[in-house]
Amino acid sequence: MAAPPDMELSPSLSLELLPTDPLLLILSFLDYRDLVSCCYLNRRLNQLSNHDPLWKRHCKKYWLISEEEKSRRNQGWRAIFISTYSDLGRYIHYYATLKKAWDDLKQYLGQWCPRMISSLKESVREEDLDAVEAQIRCKLPDDYRCSFRIHNGQKLVVPGLMGSMALSNHYRSEDLLDIDTAAGGFQQRLGLKQCLPLTFCIHTGLSQYMALESVEGRNKYEIFYQCPDQMARNPSAIVMFITGTSYLEWFTSYVNKVVTGGYPIIRDQIFRYVHDKDCVATTEDITVSVSTSFLPELSSVHPPHYFFTYRIRIEMSKDALPENTCQLESRYWRITNAKGDVEEVQGPGVVGEFPVISPGKVYEYTSCTTFSTTSGYMEGYYTFHCLYNKDRFFNVTIPRFHMVCPMFKVSTA
C-alpha cells in the first residue's frame, strides 16, 4: 500500500548517528554482563563499551577497588575488572560482602585487639582449595572458598578470632581454622558425616561445624555446635545447636556484631555476651545492666540442662554526691523457667565480693545459671548500705533478663 502523499517518510534511525554522550549515559546503567554483551553487537557499541570510566562502578561494586589501588596497579578500570574477574569471577556475588567484612573486622581489631591481627593468615590460591576438595571428596561452598581467597583463617593461638568466654573454672576461645586444619578435621563418622569444622577451641575441643551435604537431618551448609545425646543408645547420636544457615550469613553477622560494639572487649579479647539495650535499670544514682550468653559446651538436650552465663555491670553516676558512696551487702534473685517454676535465691555479696560503689565507679562480674527448659529469666535486687550513713540501707533493682537456647535439632544418624 502506498503512503499517503501528505506523509513524509523519515529516514531510518542509525546507531552511528546518535551522539556519544547519551549512549554512554545509557551504558552506565548496565550491569557488567550486559556491558560485555554490547561489545559483540556492533562496532560502535564495542567502542563505547570499552570506554574505561564505565568500568569504574563495577570495579568498586564487585571488587571494592579504590582510586588509590587503581593508581598503585597502574591499570585502567576495564583492565582491572577483567584481570580480577579472571581470578575471582566465580565469587562475584560474595566477594564484596566478605571483603568488606574482613576489612571492617581488621580495622576494629587494629584499634581494640591488635595482637589478633598478627594471627591472621594470608589468602590461599584456587588450586589449594581445589586440592582440599579432592582430599575430602566433597565440594566446598563458594562463599566459604571466597573467604579463604581473602584470609586463610588464623593460626591456632589464644585469643581466638571467633570469640571467647570465661567463667571461674571454664575458658573457651575459638580460632577460625585455616583450610588445611579444617580439612584435617573433616568428619565421615556417624552423627557428623560430611561435616567440616570451621572453628576450634584449644582448651575445650569445641568446634562449630558446617554440613557439606544434606544428611543425618542437617540442611546443606548449615552451621552448628554439636552436643552428645547422653540418653541415646547410639553413641554417635548428637544434638545440633544451629548458629548459621550459610557461611556468608554466619561470618558477616558475627563481624557486624563485633564492629558495632555488640560484643564487649575484655582483656584484648572479644567476649560473646549479648546485651539487650532494654535490660537496664536505674535506682537513685546506680544503674544495673545485664548481658548474657549460652554455653553449648556445658549444655545438654537429653537430659535437659541448658547452661547460661551472664555479666552484670553496676555503675554509679559520676554526678552523684561523694556521700552517696555505698557498699553491696547482699543479693536476691527470682529465677523463673519456661514452665513457670520459680526459684528464689538470697545470699551475701556477689561472687564472694562486697564491692564499694562511688561516683563514676563501675563494678562488673560474671556468674552463671542453668535451666531444665530451653529458656527462662531472672530478676531481683541488690541491697546496699551507705558508708557515710551506716543506718541507711536501700535496694537496687536488677532488671529482668531473658535467656534463650539457640534453635537445635537432633541428628537422624
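- As recorded by an unreviewed UniProt entry, the chain carries the name F-box protein 3 and is attributed to Cyanistes caeruleus.
- Under Pathway (unreviewed entry), UniProt gives the following word-for-word description of the chain: "Protein modification; protein ubiquitination."

1. Let's talk about the nonpolar core
Phase 1 of the analysis: Residues Tyr 144, Leu 161, Tyr 247 and Phe 251 are the most contacted members of the largest nonpolar core, which totals 61 residues.
Phase 2 of the analysis: For this core, the leading source of residues is helix H7 (residues 95-112), giving seven residues.
Phase 3 of the analysis: For Tyr 247, the contacting residues outside a window of four places in its chain are Leu 98, Asp 143, Tyr 144, Ser 147, Leu 176, Leu 198, Met 210 and Ile 223.
Phase 4 of the analysis: By size, the runner-up hydrophobic cluster in this structure holds 38 residues, among which are Leu 206, Val 288, Phe 308 and Ile 357.

2. As for the packing of aromatic side chains
Phase 1 of the analysis: Overall, the coordinates contain 27 aromatic pairs when judged by the stated rule.
Phase 2 of the analysis: With centroids separated by 5.9 Å and ring planes inclined at 70°, the aromatic side chains of Phe 308 and Phe 371 adopt a geometry described as edge-to-face. Remark: Phe 371 occurs in strand E16 (residues 362-371) and Phe 308 occurs in strand E12 (residues 306-316); sequence separation between them is 63 residues. The residues Phe 308 and Phe 371 share a single accessibility class, namely buried.

3. Regarding the sheet that holds strand E4 (residues 199-201)
Phase 1 of the analysis: The strand order across the open sheet formed by three strands is E1-E2-E4, and the pairing between neighbours is antiparallel. For this open sheet the edge positions go to strand E1 (164-167) and E4, each flanked by a neighbour on one side alone. The sheet shows a mean angle of 20° between the axes of neighbouring strands, taken without regard to direction.

4. A word on the layout of surface pockets
Phase 1 of the analysis: Computed from the structure, the largest pocket encloses a volume of approximately 660 Å³.
Phase 2 of the analysis: If you trace the largest pocket, you find 25 residues lining it, with Tyr 263, Arg 272, Val 274, Phe 294 and Pro 406 closest to the centre.
Phase 3 of the analysis: Of all the elements in the fold, those that place two or more residues in the lining of the largest pocket are strand E7 (238-244), helix H12 (247-259), strand E11 (286-294) and strand E18 (393-404).
Phase 4 of the analysis: When residues in the lining of the largest pocket are grouped by element, the largest group, five residues, is from H12.
Phase 5 of the analysis: The residue makeup of the lining of the largest pocket, split by class, is 15 nonpolar, six polar and four charged.
Phase 6 of the analysis: Lining the second largest pocket are 15 residues, and of these Gly 261, Gly 262, Pro 264, His 275 and Ser 291 lie nearest its centre.
Phase 7 of the analysis: Among the elements of the structure, strand E10 (274-283), E11 and E12 are those that each provide at least two residues to the lining of the second largest pocket.

5. Notes on the pattern of salt bridges
Phase 1 of the analysis: In total, this model carries 27 salt bridges according to the counting rule given.
Phase 2 of the analysis: As a salt-bridge pair, Asp 87 and Arg 149 come within 3.0 Å of each other at their nearest N and O atoms. Of this pair, Asp 87 sits in helix H6 (residues 77-88) while Arg 149 sits in helix H10 (residues 142-150), placing them 62 residues apart in sequence.
Phase 3 of the analysis: Its relative accessible area of 39% is what places Asp 87 among the partly exposed residues.

Cut-offs used in this document
Residues numbered from 1 in each chain as written. Predicted model: local features only at pLDDT ≥ 70, side-chain atom pairs only at ≥ 80, totals over all residues. Heavy atoms only, no water. UniProt positions renumbered as here; feature names shortened; annotations may be inferred. Core = buried A, V, L, I, M, F, W, Y, C linked by side-chain atoms within 4.5 Å. Buried < 20%, exposed > 50% of the residue type's maximum accessible area, 1.4 Å probe, protein only. Helix = DSSP H or I, 4+ residues; strand = E, 2+ residues; numbered from the N terminus. Contact = heavy atoms within 4.5 Å. Phe/Tyr/Trp six-rings, centres within 6.5 Å; stacked < 30°, edge-to-face > 60°. Pairing = 2+ DSSP bridges. Axes fitted to C-alpha atoms, helices over the stretch in contact; angles between N-to-C directions. 1 Å grid on protein atoms, 1.4 Å probe; cavity = no way out; pocket = protein on both sides within 12 Å on 5 of 7 lines; lining within 4 Å. Points joined across faces, edges and corners; volume = space filled by probe spheres on them. Nonpolar A, V, L, I, M, F, W, Y, C, P; charged D, E, K, R; others polar. Salt bridge = Lys/Arg side-chain N within 4 Å of Asp/Glu carboxyl O.

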